[in-house]
Amino acid sequence: MVERAPILDMICHAILIAGAMLVCVPLYFAFVAGSLTIAEVQKVPLPWLPGDQFLANLQTAWVKADFSRSFLNSIVVALGITAGKIVVSLLSAFAITYFRFRYRMLAFWLIFMSLMLPIEVRIVPTFEAVANAALPLQWLADMLHVVDLWKWISGHDVTIALEWNMVNTYPGLILPLIASATATFLFRQFFLTVPDELCEAARLDGASPLRFFWSILLPLSVSNIVALAIILFLFGWNQYLWPLLFTTDKDMATAVIALKNLIPRADSEPAWNIAMSGALLAMLPPTLVILLLQRWFLKGLVDSSK
Amino acid sequence: MKKMAFIAALFGVLALAAPAQAARVEVQWWHAMSGVLGERLNELVEKFNASQDKYTVVAVAKGNYDEVTNGVIAAYRAKRPPEMVQIAERGYMTMLLSGAVVPVQELLDQKGYKVDFSDFVKPVASFWSYKGRMSAMPFNSSTPIFWYNKDHFQKAGFDKPAATWQELEKQLYAIKAKGVSECGTVLPGDFFWSLLENYSAINNQPYGTLANGFDGLGTEFVYNKTKVVSQVARLKKWLDDGVMQIAGQGFSPEQLFTSGRCSTFVNSTASHGNIERNAKINWSATFLPHESDINPPLNSTIGGGAIWVMKGHTPERYDAVAAFLDFVAQAETQVWWHGVTGYVPATNKAYAMARERGYYKDHPTREIAVLQLSRGTPNDNSRGFRFGNFVQTMLAQRSEVEAVFTGQKQPQQAMDDAVKRGNEILRQFEKLNAGKGTEWSPEAK
Amino acid sequence: MKASAPIAPSSIWPEAPADSPSGLARSQHKSPGETAAGRRAVTERASKAWTPKRGQPDREPGLKRANFGRGVGLPTLLLLPQVLILVFFFFIPSLRALTQSVLLSDPFGTTVHFVWFDNFKALFANGEYRQSLVTTVWFTVAQNVITLAIAVVLAFATDRVVRARSVYRTLILLPYAIAPAIAGILWAFLFNPVVGPLAHMLHALGISWDPNRNPNDALWLVIMAASWKHICYDYIFLVVGLLAVPVSLMEAAAVDGAGPIRRFFLIALPMLGPTIFFLAVMNFIYGFFETFAIIDAVTHGGPAGATNILVYKVFVDGFINLDLGSSAAQSVLLMTFALICTLLQFRYFDHKVNYGV
């Protein structure tokens, strides 16, 4: 800090503590509910103090939800979404901020539009798209009458049946969720603030665009990438509807799906103690990611304030 | 002419590639049961798989009923539906006229299974059959019953809840006035089902024209001209006077009853599983009340789900499906399922078996639902409900009833609006489905 | 999708003023009351370091002044992965979803009628839809302001404190780690008028709180819950943005006598312009499109439609009611509406944002 301002610092701490409380109160009640027996958790009002079943409930939740398998799936999916989105977005943001080409703005707005129709609203056609990703090619083939052409040339009757099924595969889970513009927009905003002198200097030195991208732009973007990676990992981890409707193989279930199956619905025993224990368990990997990735914030700081 | 086919399998797995040594045919069943019910369902499937060595049923939890429905729609459109799917009662017409399902009774007949469909409990059979043939296999059937806290009633000087709404109202007000409990009753989360639809059936009120839709798609709602209006007004009055509480979101209304805070609760008989195990109050249950000027009351109707069979699979797989459905229909399976959940046995044979074994001596309240379902002969008002887009009309109605609860509308106005909205939805369904369903007639075969 | 046709670069932006002032310079214009020499010193320092040469006639919005020139090959290649994924998994499915808006179809797709614009007409004639539109505007604006304001305050505070900084950061980020379904349930529980501990506190304060029977309470509840879930999003990008503010600038301003809060508003905030613009747009999109899981868990859109915002209605009509035609028509309208709002946001704010630092 530049100077000392103890009163302001105290106010800041107070604000942050208030903010942290805002977060912790709901979580505390999740913890309390997770530490009770099923009879206790149905009491009205819910006790303020935790019970003694916490570990037992954690264990039950872990086994019932088969978290050992679903955690792995979730980690793969969340990492895949994070990495995939960051890579494609960095590249496209680089293209639309550093190159003058005719369809630049069109490209930007096309990408941007992908924010405006959540996957939940287009889930049926998306499912079709992933159940057979080759479908558009099939239409193309049908439209161009490739079959007739071939028949005309060779005299044989053929059927073209293209199939590229991604149901119950990781790419099928990941790719549709990469298709959105959040990250591209963020990097566009960031690249626009990068000093022009850097690019000019690189050009003077005869560096190619990719060289500039790799050696200068990327290192500058580290803290933004880290922030985005945290956000995207959590986003990917918490995906529910798409993985649920899309996977039909138990071994492909993600942690949130497993968790949702713990949440009691009508007619079932309201085992909120197990559900809340499960919720806390499912929070662990994301929390770990927040903790681990935070170390990289400072690295970004050092690089960008040079 | 020579025929050739080029198949480009670019990526992914082929579902057909079954392991060579395992001769078991595998079929999928997508369902909506979570928590303890999901575990019971898995046990059921394991029982079936262990009972023979030809077929394997794989139960896949696909979220709640809405999510299962969407999952099966998406999968069907992408040409990879499961063999079986569990759909809630409100989805009946959608599934029936979808053109995507195989009639259960046809399938079982064709595969040579002798399931006695005439033995199913009447409101169950009538709900799930079309033109006299069962279209889906009843699986988890429930009906609302009236739960109460014995101690509260005794403290207030009553033996048990009254049989009519009028007398019950006095009791609940007395319980509140004497300070026995904080509230007489809880608004159920599915009040439209228990307190409006089942209320209409029990009190012999028409819900829609054309025998509640059983006689055709041209049906129109009429509940704005029946006792339903005064029922809504009654609920509003109870709410205003604090005799009834809304649990709202964030916890289950059931907890207000099981914790001893509210004295009574109208809820599905399927709550037995939980209440028997976990409620620390001195509880009991009885029939739903009826209006004092309606005697005798009619049967209640069912809620829950049934197993639908999807089109588009090989005969071997339908062998497996038929074997499984036959297993589900067996009295032994029904009795077990009845006991470990709270759902009713779907057949009279299963009910008789449970009775013979003295099951209801230990669990007297479990018999209420069966008795309530099978009392009298179902008539046009109590056979069930056959409305298209029944979820959508229900949500419109729920929203209008909420407008009464928030004080924005009078009950009559709200029900008029609900009926108006509902009828528009019904006309849309009619427009889309006119002339469908002929393939279900037995004579079409 | 069709809305994209008329979007050409020139129609979005009239020629950006070549001499559009940078944010720093602008903040100088905007506050004529303060004429401290220190501020000028800061501005000059900033200018000396990085201010781009202005007055270039070929400046395009959203394009670096120092760029790699024309040429279509490389940028196309760079865009290719993104575009391919979008075409296959966004545009084709979306187009197919949106074509439902002129159809009347059963969910399984066995019967399909072409009905022209009946689905749209039905919506415009529907009072419920208009109510939903009004609710959406309230919801989105309130949610956006609350989220951003709280996030700015928290980020500022995080930047100030030294001790326990990463603990705070971790805690404040946690809501994003909770599955939305659980978050919604927790909020609904905490503010449940019968059993909720926080609702009891409100009652103790003499506030009659009942989101089950009071539409306004319900709307506030979902606004707070949606904001709570999203504050951390804004917060983390603001924290990162603040880290990147050059220490030298802050020190210079401090030497010139600007206190921490004034420095924040004078230097840090303008420099965060691009981030804040990004967040404002993202908040808007979040409120518009991503909040139905929370609404579903907290209020079901009730009571009596009081929290039935447009996207929740799209979701309910499509996913639960299986009324695909109406749902698709609503999606078309919602997308058009959102696109217009976003274009306006870009039109009025993007070139005012200070990218030139």
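Residues numbered from 1 in each chain as written. Chains lettered and ligands numbered in written order. Predicted model: local features only at pLDDT ≥ 70, side-chain atom pairs only at ≥ 80, totals over all residues. Heavy atoms only, no water.

Draft legend 1. View of the overall build of chain C. Check the secondary structure of chain C and you find 16 helices and two strands. Within the span of chain C, comprising 357 residues, buried residues form 61% of the whole. Excluding contacts between residues fewer than 6 apart, the proportion of contacts in chain C whose partners are at least 24 apart in sequence is 69%. Within the structure as shown, chain C displays about 14000 Å² of accessible surface, and the carbon and sulfur contribution to it stands at 67%. (Helix = DSSP H or I, 4+ residues; strand = E, 2+ residues; numbered from the N terminus. Buried < 20%, exposed > 50% of the residue type's maximum accessible area, 1.4 Å probe, protein only. Contact = heavy atoms within 4.5 Å. Areas by Shrake-Rupley, 256 points an atom, 1.4 Å probe, with all protein chains shown as cover.)

Draft legend 2. Summary view of a negative patch on the surface. On the surface, A:Asp66, A:Asp249, A:Asp251 and B:Glu26 cluster together to form a negatively charged patch. With respect to the helices, strands and loops of the structure, B:Glu26 is situated in strand S2 (residues 25-31). (Patch = residues over 30% accessible without salt bridge, like charges linked within 9 Å, V, L, I, M, F, W, Y side chains within 5 Å. Salt bridge = Lys/Arg side-chain N within 4 Å of Asp/Glu carboxyl O. Lys, Arg positive; Asp, Glu negative; His and termini not counted. Charge placed at Lys NZ, Arg CZ, Asp CG, Glu CD.)

Draft legend 3. Region of interest: the domain arrangement of chain C. Residue and element names in this part refer to chain C. Considered domain by domain, chain C is made up of domain 1 (21-59 + 118-352) and domain 2 (71-116). Taken together, the contacts link eleven residues of domain 1 with nine residues of domain 2. Summed over both partners, the interface of domain 1 with domain 2 buries about 840 Å², with 66% contributed by carbon and sulfur atoms. Applying the counting rule to domain 1 against domain 2 returns four residue pairs in polar contact (both at pLDDT 80 or more). Elements with a contribution of two residues or more to the side of domain 1 that touches domain 2: helix H5 (118-124) and helix H16 (324-349). The dominant element in the side of domain 1 that touches domain 2, judged by the number of residues it contributes, is H16, at seven residues. Across the side of domain 1 that touches domain 2, the residue classes break down as seven nonpolar, three polar and one charged. (Domains from an automatic or database assignment. Buried area = accessible area lost by both parts, 1.4 Å probe. Polar contact = N/O pair within 3.5 Å; in protein donor to acceptor, adjacent residues only side chain to side chain. Nonpolar A, V, L, I, M, F, W, Y, C, P; charged D, E, K, R; others polar.)

Draft legend 4. Molecular detail of the state of the cysteines. Inspection of every chain in the model, using the stated rule, returns one disulfide over all chains. Across a sulfur-sulfur distance of 1.7 Å, B:Cys183 and B:Cys262 are joined as a disulfide pair. Given an S-S torsion of about -75°, the disulfide between B:Cys183 and B:Cys262 has left-handed geometry. Here B:Cys183, found in strand S10 (residues 183-187), pairs with B:Cys262, found in strand S12 (residues 262-268); they are 79 residues apart in sequence, far enough to count as distant. No disulfide involves A:Cys12; its sulfur sits 19 Å from that of A:Cys24, the nearest cysteine. (Disulfide = S-S within 2.5 Å.)

Draft legend 5. Region of the structure containing the interface of chain A and chain C. Between chain A and chain C, the contact holds 115 residues from the first and 112 residues from the second. For the chain A and chain C pair, buried surface summed over both sides reaches about 11000 Å², with 76% attributable to carbon and sulfur atoms. In terms of surface lost to chain C, no three residues of chain A exceed A:Arg100, A:Trp109 and A:Met116, which account for 8% of the buried area on that side. Here chain A and chain C share five salt bridges between them. For C:Arg65, the salt bridge is made with A:Asp196, and the minimal N-O distance between the two is 3.5 Å. Counting the contacts that link chain A with chain C gives 18 residue pairs in polar contact (both at pLDDT 80 or more). With 17 residues, the top contributor of residues to the side of chain A that touches chain C is helix H1 (residues 6-34) of chain A. Split into classes, the residues belonging to the side of chain A that touches chain C amount to 85 nonpolar, 17 polar and 13 charged.

Draft legend 6. Representation of the sheet that holds S10(B) within the structure. All names here are of chain B. As summarised here, the arrangement of the five strands in space is S11-S10-S12-S9-S13, forming an open sheet in which the pairing is mixed. The sheet terminates laterally at strand S11 (244-246) and strand S13 (283-286), the two strands that pair on one side only. With direction set aside, neighbouring strand axes in the sheet form an average angle of 30°. Pairing geometry for S10 and S11, over three bridges, is parallel. Directly across from Val-186, in S11, lies its bridge partner Gln-245. (Pairing = 2+ DSSP bridges. Axes fitted to C-alpha atoms, helices over the stretch in contact; angles between N-to-C directions.)

Draft legend 7. Structural detail: the side chain of C:Asn308. Considering the arrangement of structural elements, one finds C:Asn308 in the loop between helix H14 (292-298) and helix H15 (310-320). Apart from the residues within four sequence positions on either side, C:Asn308 is in contact with C:Glu128, C:Ser132, C:Thr135, C:Gly301 and C:Lys313.

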